[in-house]
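These are the residues of each chain, in order.
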Amino acid sequence: MNTVNTASQLRNLNRIRRISRLMDTAFKIPVLGLKVGWDPVLGLIPGLGDLIATAISAYVIVLAARFRLPRGILAQMVFNIGLEAVVGTVPLVGDLFDAFYKSNVRNLKLLEAHLQCESTALEDADDLNLNSVRDGEVYT
């Protein structure tokens, strides 16, 4: 893998990390210590909120697909987003599910695990060694 391609992939990976963090772990709820992102917050907007959150999550999958992931991993990513989208439509229960399930972080973890096996050049170039998800939180 050449350095230009590695640098491009690393930029793409970091974009996925930023979006995943914003959607799933951007804020810490005092007292509870629970980290949530914009996904459950958007879900509070009736109808439109879940649609916006799902569209952003779909964009993450499009970005991840640039890594030429196997169909099985892409299918798992789509399932994660689909499950969160379907359950997210249930008032209140769906928002709580969004806060705990964190589909974007799950998908990032799937991507990084695949890349650890497939891309030593990218792993060497990444300060986080393709391991930015720890304890359900994204480190950037």
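Residues numbered from 1 in each chain as written. Predicted model: local features only at pLDDT ≥ 70, side-chain atom pairs only at ≥ 80, totals over all residues. Heavy atoms only, no water.

Novice: What is the right way to read the packing of aromatic side chains from this model?
Specialist: Two numbers describe a pair of aromatic rings. These are the distance of the centres and the angle of the planes. In total, this model carries two aromatic pairs according to the counting rule given. Centroid distance Phe 27 to Trp 38: 5.1 Å. Interplanar angle 80°. Geometry classified as edge-to-face. With Phe 27 in strand 1 (residues 27-28) and Trp 38 in helix 2 (residues 38-42), this residue pair connects regions lying eleven residues apart in the sequence. Since its relative accessible area comes to 34%, Phe 27 is described here as partly exposed. With a relative accessible area of 38%, Trp 38 lands in the partly exposed category. For the pair Phe 97 and Tyr 101, a centre-to-centre distance of 4.9 Å together with 15° between the ring planes defines the contact as stacked. Placement of the pair is Phe 97 and Tyr 101 together in helix 5 (residues 93-101), with a separation of four residues, close to one helical turn. (Phe/Tyr/Trp six-rings, centres within 6.5 Å; stacked < 30°, edge-to-face > 60°. Helix = DSSP H or I, 4+ residues; strand = E, 2+ residues; numbered from the N terminus. Buried < 20%, exposed > 50% of the residue type's maximum accessible area, 1.4 Å probe, protein only.)

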